[in-house]
Amino acid sequence: MTEKDTLSILGDGDCLYEASVSPPIFQTSTFGGGGEYSYTRLSNPTRRALEKETAKLEGGKHAFAFSSGLAAINSVFSLLKKGNRVVVSDDLYGGTYRLITKIYQNYGIEFVFADMSSAQAVKTEIEKGADMVFAESPTNPMMKIAPLREIGEMCKQTGAVFVVDNTFLSPYFQNPLALGADITIHSATKFLSGHHDTVAGIAVTNRDDIAEALGMISMTLGNALSPFESWLVLRGIRTLPLRMQKHQQNAFALAEYLKTLPQIDKVYYPGLPEHSGHELCKSQSSGFGGVVSFTVKDAGTAKRLIKGGKIIKFAESLGGFCSLITYPLTQTHASIPEEMRQKIGITDRLLRLSVGLEDFADIKADITKMLEG
Ligand SMILES: *Cc1c(COP(=O)(O)O)cnc(C)c1O
C-alpha cells in the first residue's frame, strides 16, 4: 500500500462517517485541512453527533457535552457575574450544593435556597431580584415536583435565566425547554448513558445568546466531553426509551411493594397518586422515572439495607441497568450541613433506590431479604 492509497482511505472518511450506522470515534486531538473542525477542545465530530442527538431529544437548538454533569452545571454557573443573585432548589444534588457553597459564593454571587415545589416561595425570591433560577424536578433525593411552567413564566417576565436539571426524568419523560426553561442540564452519567460506564454532562438551550456564551465557556474552561465518552453516551441513548419504560415499570412495582412492608415508613415516588406532586408531575411530564426514595421506621433497618443485596448494590449514582441503593446522609448529600439536611428531610432513615432493569421478581426477593438482614 502506497502513501497515496493510505491518504485516499483517510480522504473517504467524511462519506464513511455519514454511512456509518454507529458513528466512528474521532480519537484525535487536532484536525488538519482548515475545515469545520480544528481542535478537539473546541469541537469534535463524535461529540457533535452526541450534541445533535441530545438537542433533538430535548427539543433544543444547541447542545454542549461536558466532562461530567457537574462540569455542565459549572459551565452554566460561569454565565453568572459578580453581584448576581440566584434562586436554587433547597433540595438539591449534593455536588451542586458544594459547587455553590465552596466555589461560587466566594465570587460575590448570592445564592438563596427556596422550596421550589411552592410557586409562592419561588415568586417571593424572584421578586427580591434573580438573575438565574435553578431547579431540579423531581428533586434529589426527596422527589419533590416544581411547577416548571409557572416558574418559567415568572422568569420570562423578570428576565431571569431559568435552568432545569433534568437528570431524574431524562428527555424521554420531560422536556423543560418546552415548559419555559432557558437551559436544561443532564448528568448524562445517569439515564442518558445508562450503563454505569461513563461520566458525562449535557446542557441544551434554544437561546442563541446563551449558546454563544456556553460555546465560549466550554472552549475556555476546557471541560468538553472526550470523543470516546461521547460515543458511549450516544450508544446509551439508542436504548433510552426502552430502558426508561422498564425503569419506570419496576419503580412503580417497587413503590407499591414497599408501601405494604411493616419496616417502611414513607415512600416518595411521584407516580404514586398520594404523592404531593403527582398531579403536577403528570401535567408537565409524560412519566415519573425510575428513582424511589423511602424512609424506614428505624435507623437499624437503614444500616441493614446499605449492606446491599445480591442484585441491589450499595453505591452512589443512579439511572443505570443495575439497581443501586444510596444513603444520601453519608453519600450524595454528605456535603450538605446537618441543619439544612434536617430541614429537607435527609435523615438517617432515608434511602434512595435507583431501580434497575432487572426482573422485578428478583428485585422484590432481594429487598425482602435485605430487610430481614
Ligand atoms: C449525578 C447528578 C449530578 C452530577 O453529575 P455528575 O455526572 O456526577 O457530575 C447533577 N445533578 C443530578 C440531579 C445528579 O443526579
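To be clear, the structure that these remarks concern was listed above.
Scoring rules and cut-offs
Residues numbered from 1 in each chain as written. Predicted model: local features only at pLDDT ≥ 70, side-chain atom pairs only at ≥ 80, totals over all residues. Heavy atoms only, no water. Helix = DSSP H or I, 4+ residues; strand = E, 2+ residues; numbered from the N terminus. Buried < 20%, exposed > 50% of the residue type's maximum accessible area, 1.4 Å probe, protein only. Contact = heavy atoms within 4.5 Å. Salt bridge = Lys/Arg side-chain N within 4 Å of Asp/Glu carboxyl O. Expected span 1.5 Å × (residues − 1). Arc of directions from axis to C-beta. Near = heavy atom within 4 Å. Polar contact = N/O pair within 3.5 Å; in protein donor to acceptor, adjacent residues only side chain to side chain. Axes fitted to C-alpha atoms, helices over the stretch in contact; angles between N-to-C directions. Left-handed = near helix turned anticlockwise from the far one by under 90°. Nonpolar A, V, L, I, M, F, W, Y, C, P; charged D, E, K, R; others polar. Pairing = 2+ DSSP bridges. Phe/Tyr/Trp six-rings, centres within 6.5 Å; stacked < 30°, edge-to-face > 60°. Lys NZ or Arg CZ within 6 Å of the ring centre and 35° of its normal.

### Quick word on the environment of Arg149
For step 1, the next point in the chain: Assignment of secondary structure puts Arg149 in helix α7 (residues 148-158).
For step 2, the next point in the chain: Its relative accessible area of 45% is what places Arg149 among the partly exposed residues.
For step 3, the next point in the chain: Between the C-alpha atom of Arg149 and that of Ser283, which follows or precedes it by 134 residues, the distance is 9.7 Å.
For step 4, the next point in the chain: Apart from the residues within four sequence positions on either side, Arg149 is in contact with Leu179, Ser283 and Gln284.

### Overview of the pattern of salt bridges
For step 1, the next point in the chain: A complete count under the given rule lists 17 salt bridges for this structure.
For step 2, the next point in the chain: Taking the shortest distance from any N to any O, the salt bridge between Glu51 and Arg47 comes out at 3.9 Å. Remark: Arg47 and Glu51 occur in helix α3 (residues 45-58); sequence separation between them is four residues, near one turn of the helix.
For step 3, the next point in the chain: Its salt-bridge partner being Lys144, residue Asp115 comes within 3.4 Å of it at the nearest N-O pair. In this pair, Asp115 sits in the loop between β3 (110-114) and α6 (119-127) while Lys144 sits in the loop between β4 (132-136) and α7, placing the two residues 29 residues apart along the sequence.
For step 4, the next point in the chain: Where salt bridges share partners, they join Arg85, Glu110, Glu125 and Lys128 into one cluster.

### A short note on helix α9 (residues 208-221)
For step 1, the next point in the chain: Over its 14 residues, α9 runs 20 Å from end to end, which matches the ideal 20 Å to within 8%, given 1.5 Å per residue.
For step 2, the next point in the chain: Within α9, burial applies to Ile210, Ala211, Leu214, Ile217 and Ser218. Burial along α9 is one-sided: seen end-on, the buried residues are contained in an arc of 125°. Of the exposed residues in α9, the ones pointing more than 90 degrees away from its buried face are Glu212 and Thr220.
For step 3, the next point in the chain: Among the structural elements, β1 (62-66), α4 (69-77), β5 (161-165), β6 (183-187) and β7 (201-205) are those in contact with the buried residues of α9.
For step 4, the next point in the chain: Following α9 by one or two positions, Gly222 has its phi on the positive side, about 70°.

### A look at the environment of Lys82
For step 1, the next point in the chain: Within the fold, Lys82 resides in the loop between α4 and β2 (85-89).
For step 2, the next point in the chain: Judged by its relative accessible area of 73%, Lys82 falls in the exposed class.
For step 3, the next point in the chain: Once the C-alpha coordinates of Lys82 and Ile109 are considered, the two residues, 27 residues apart in sequence, prove to be 5.3 Å apart.
For step 4, the next point in the chain: If near-sequence neighbours (up to four positions away) are discounted, Lys82 is found in contact with Tyr107, Gly108 and Ile109.

### Description of unusual backbone geometry
For step 1, the next point in the chain: Residue Pro138 is reached from Ser137 by a cis peptide bond, and omega for that bond is -5°.
For step 2, the next point in the chain: Residue Pro141 is bonded to the preceding Asn140 through a cis peptide linkage, with omega at 10°.
For step 3, the next point in the chain: Its place among the elements puts Pro141 in the loop between β4 and α7.
For step 4, the next point in the chain: At Ser170, a residue that is not glycine, the phi angle is positive and equals roughly 65°.

### With respect to the site of the ligand
For step 1, the next point in the chain: Close contacts around the ligand come from 14 residues, with Gly69, Asp165, Ser187, Thr189 and Lys190 the closest.
For step 2, the next point in the chain: Here a nitrogen atom of the ligand and a side-chain polar atom of Asp165 are 2.6 Å apart.
For step 3, the next point in the chain: A distance of 2.6 Å separates an oxygen atom of the ligand from a polar atom in the side chain of Thr189.
For step 4, the next point in the chain: When residues in the shell around the ligand are grouped by element, the largest group, three residues, is from α4.

### Concerning the packing of α4 against helix α5 (residues 94-103)
Two quantities define a packed helix pair, namely the angle between the axes and the distance from one axis to the other.
For step 1, the next point in the chain: The contact between α4 and α5 brings their axes to 10 Å, and the two run at 35°. For the element pair α4 and α5, the recorded crossing hand is right-handed. Here α4 contributes Leu70, Ile73, Asn74 and Phe77 to the contact with α5, which in turn contributes Gly95, Thr96, Arg98, Leu99 and Ile100.
For step 2, the next point in the chain: Across the contact of α4 with α5, the residue classes tally to five nonpolar, three polar and one charged.

### Things to note about the sheet that holds β3
For step 1, the next point in the chain: Read from one edge to the other, the open sheet built from seven strands follows the order β1-β7-β6-β5-β4-β2-β3, with strand pairing classed as mixed. In this open sheet, the two edge strands, each paired with only one partner strand, are β1 and β3. Going from strand to strand, the sheet's axes swing by 20° on average, the running direction of each strand aside.
For step 2, the next point in the chain: For β4 and β5, the ladder comprises five bridges, and the chain directions are parallel. Following the sheet pairing, Phe134 is matched in β5 by Val163.
For step 3, the next point in the chain: Each of β4 and β5 is contacted by α7, which is oriented at about 155° to β5, the strand it contacts most.

### Regarding the packing of aromatic side chains
For step 1, the next point in the chain: Throughout the structure, instances matching the rule amount to ten aromatic pairs.
For step 2, the next point in the chain: An angle of 15° between the planes, with centres 6.3 Å apart, marks the rings of Phe228 and Trp231 as stacked. Of this pair, Phe228 and Trp231 are both found in helix α10 (residues 227-237), three residues apart, which corresponds to roughly one turn of the helix.
For step 3, the next point in the chain: What links up through ring pairs into an aromatic cluster is the set Phe77, Tyr104, Tyr107, Phe111 and Phe134.
For step 4, the next point in the chain: A cation sits over an aromatic face here: Lys190 above Tyr93, 5.3 Å from the ring centre.

### Quick notes on the sheet that holds strand β11 (residues 324-326)
For step 1, the next point in the chain: The strand order across the open sheet formed by five strands is β8-β9-β12-β11-β10, and the pairing between neighbours is mixed. Each edge of the sheet is formed by a strand with only one pairing partner; in this case those strands are β8 (264-268) and β10 (313-314).
For step 2, the next point in the chain: In this structure, β10 lies alongside β11, joined through two bridges in parallel fashion. Counted as the bridge partner of Lys313 is Leu324 from β11.

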